[in-house]
Amino acid sequence: MEAFALWTSAEAAHATQGTSDGFWTASGVSIDSRSVAFGDLFVALRGPNFDGHVFVADALAKGAAAAMVDRVPETLPPGANLLIVKDTFQALYDLAAAARQRCGAKVIAVTGSVGKTSTKEMLRHVLSEQGATHATTGNLNNHWGVPLTLARMPVDSRFAVIEMGMNHPGEIEPLSKLARPHIGVITAIEAVHLENFKSIDGIADAKAEIFAGFEPGGTAILNRDNPHFERVAAAARAAGAAEIIGFGEHPEAQARLVKYAPHSACSCVAAEILGHPLTFKIGAPGRHWVLNALAVLAAVQRAGGDLAEAGLALASITAPKGRGERHTVEWRDGGSIDVIDDSYNASPPSMRAAFSVLAMAKPSTPRGRRIAVLGDMLELGPDEQAAHNGLAEDLVREGIDLVFACGPLMRGLYEALPAQKRGHHAPNSIELIQPLRRAIRSGDVLLVKGSLGSRMGKIVEDLLTAPPQPRAANGW
């Protein structure tokens, strides 16, 4: 196989028990015709509202090397390269299984109610310094994303970091059996997606499905500070884990936080990782980054990586887009504002962690304020309103100056705040933009956070791209 080829037509046909119409090599795999790259194998999946077969011609016109189909679409160009299979969804799984089988990488699977994507990104970042590392892109962590990630894995990968998410019981187990991890990391068990579970114990059990596909001698890395540690550890042992490693501040944690100094843009940490003292800096602020870094370092050590080198690499980590990414934006009167984009997702624990980060942020002028811009947290179950209202106390304790909120659930939080901290409440994120823009002044630091369905990213987009407006005469 040529060095640049991820799949040849013969290999892909053998993996999927399909028939290749033509001879080709693919350098990537895609399930989205809008982002297909030259040389990709385009997989025509079906969803509830789309059929990828409709877009096969578009994908080929953009340079796809071939298309995997279970029916031949009409109006294809002459000589189109096709891989014809019985079912494209199953064939994607088969391709993923073949990629996993042929690759000798140490596979680290990551899940958790909060922090799984940032933990995955830390692992990708530090391991990439030590060898060829393949990792989940963005948030491709579901029943399509995990097989797609594995199907894209180069055969010469030394490390693989696979993120796994879920909304219902039973979703992670098949993903783990497909990925066959050597190491499984659970960042935390929290009351997230509770509307689909009878209790938080059910969430713990669903997260523990990550151990179902463990390779012999597997290592489970678990949050030792979490009240569900023993339950999840028992599930790991039952699944055949040979080793349980706890991380956190707990005195029995093998990856233990000794001391840390929080700063507005970073954290300095002293820890003991599996018996090795280590001092390091993390380039992203917040206690949640510090604790998850302990899990990262334990995973690196057990994957055969260099612990000291990984500690050094953490200094250059930055928060991903929508998960704490920071921007400085020019504002009126020649000044600027700082925007913390945490708009991708939200839960009560992640809200509290974000408030702490905002509280540590330093406004760029003496008149600058710390402003929280909050949207509804979704999928929290029957106690969702109480979960929102309860955050008012955290905002007051952290000394946040002003709160702008949107959505029906956030109204309860907004009304629970002291009057001087209320900026504005709107029905949705779009209607919150103009009142927010009128209130902002140079030097302010803004945290924008909410569940994806609250569309808080629209506010971030507006702040980053739209020109500042004149300040209202009666503005703050």
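Structural data are supplied above this passage.
Here is a short report on the structure shown in this document.

The next thing to look at is the overall build of the protein. Along the protein, the regular secondary structure elements total 16 helices and 22 strands. For 476 residues, the compact-globule formula gives about 23 Å, and the C-alpha radius of gyration of the protein, at 24 Å, lands near that figure. Seen through its C-alpha atoms, the protein measures out along the principal axes to roughly 70 × 55 × 45 Å. The buried share of the protein, reckoned over its 476 residues, is 55%. In the protein, 64% of the contacts between residues at least 6 apart in sequence involve partners at least 24 apart. Accessible surface, the protein: about 19,500 Å² in total, of which carbon and sulfur atoms supply 52%.

One can find K120 in helix α4 (residues 116-128). Excluding residues within four positions of it along the chain, K120 makes contact with T136, T137, G138, V161 and E163.

Here we take up the sheet that holds strand β20 (residues 402-406). What the 6 strands build is an open sheet, ordered β17-β18-β22-β19-β20-β21; its pairing is mixed. Two strands bound the open sheet, and with one partner strand each, they are β17 (325-330) and β21 (422-426). Within this sheet the neighbouring strands show an average axis-to-axis angle of 15 degrees, counted without direction. Pairing analysis gives 5 bridges linking strand β18 (residues 336-342) to strand β22 (residues 445-449), with the strands arranged parallel. From the neighbouring strand, D342 faces β22, where its bridge partner is K449. Strands β17, β18, β19 (370-374) and β22 of the sheet are contacted by helix α11 (residues 348-360), whose axis makes an angle of about 170 degrees with β22. Along the sheet, helix α14 (residues 408-416) contacts β19, β20 and β21; its crossing angle with β21, the most-contacted strand, is approximately 160 degrees.

On to the sheet that holds strand β11 (residues 183-186). With mixed pairing, 9 strands are arranged side by side in an open sheet as β9-β10-β8-β11-β12-β13-β14-β15-β16. The open sheet has two edge strands with one neighbour each: β9 (133-135) and β16 (276-282). For this sheet the average axis-to-axis angle between neighbouring strands, irrespective of direction, equals 15 degrees. One ladder, built from 4 bridges, connects β11 with strand β12 (residues 219-223); its direction is parallel. Paired with I186 across the bridge in β12 is L222. Packed on one face of the sheet, α4 meets β8 (106-111), β9 and β10 (159-163) and runs near 170 degrees to β10.

Quantified by volume, the second largest pocket comes out at close to 350 Å³. Forming the boundary of the second largest pocket are 16 residues, of which I31, D32, S33, R34 and S35 lie nearest the centre.

Let us look at helix α7 (residues 200-207). Here α7 has its buried residues at I203, A204, A206 and K207. Angularly, the buried residues of α7 cover 165 degrees about the axis, an arc narrow enough to put them on a single face. Buried residues in α7 make contact with β8, α4, α6 (172-179), β11 and α8 (229-238).

Per the counting criterion, the structure on display carries 1 cavity of 30 Å³ or more. If you add up the space inside the largest cavity, you get close to 50 Å³. Lining of the largest cavity is provided by I186, A188, I189, L222, N223, N226, H228, F229 and V232. When residues of the lining of the largest cavity are traced back to their parent elements, those giving at least two are β12 and α8. Taken together, the residues that form the lining of the largest cavity break down as 6 nonpolar, 3 polar and no charged.

This paragraph deals with the packing of aromatic side chains. Pairs of aromatic rings are described using the distance from one ring centre to the other and the angle between the two planes. This structure, assessed with the given rule, holds 3 aromatic pairs. Look at F50 and W144: their rings are 5.8 Å apart centre to centre, the planes differ by 70 degrees, and that puts the pair in the edge-to-face class. Of this pair, F50 sits in the loop between β5 (40-43) and α2 (56-61) while W144 is found in the loop between β9 and α5 (145-151), placing the two residues 94 residues apart along the sequence. Given the relative accessible area of 34%, F50 is considered partly exposed. Sitting above the plane of the W7 ring, R102 keeps its charged end 3.8 Å from the centroid.

Conventions we followed
Residues numbered from 1 in each chain as written. Predicted model: local features only at pLDDT ≥ 70, side-chain atom pairs only at ≥ 80, totals over all residues. Heavy atoms only, no water. Helix = DSSP H or I, 4+ residues; strand = E, 2+ residues; numbered from the N terminus. Rg over C-alpha atoms; globule rule 2.2 N^0.38 Å. Buried < 20%, exposed > 50% of the residue type's maximum accessible area, 1.4 Å probe, protein only. Contact = heavy atoms within 4.5 Å. Areas by Shrake-Rupley, 256 points an atom, 1.4 Å probe, with all protein chains shown as cover. Pairing = 2+ DSSP bridges. Axes fitted to C-alpha atoms, helices over the stretch in contact; angles between N-to-C directions. 1 Å grid on protein atoms, 1.4 Å probe; cavity = no way out; pocket = protein on both sides within 12 Å on 5 of 7 lines; lining within 4 Å. Points joined across faces, edges and corners; volume = space filled by probe spheres on them. Arc of directions from axis to C-beta. Nonpolar A, V, L, I, M, F, W, Y, C, P; charged D, E, K, R; others polar. Phe/Tyr/Trp six-rings, centres within 6.5 Å; stacked < 30°, edge-to-face > 60°. Lys NZ or Arg CZ within 6 Å of the ring centre and 35° of its normal.

Note that all results are geometric; they support no functional claim without further evidence.
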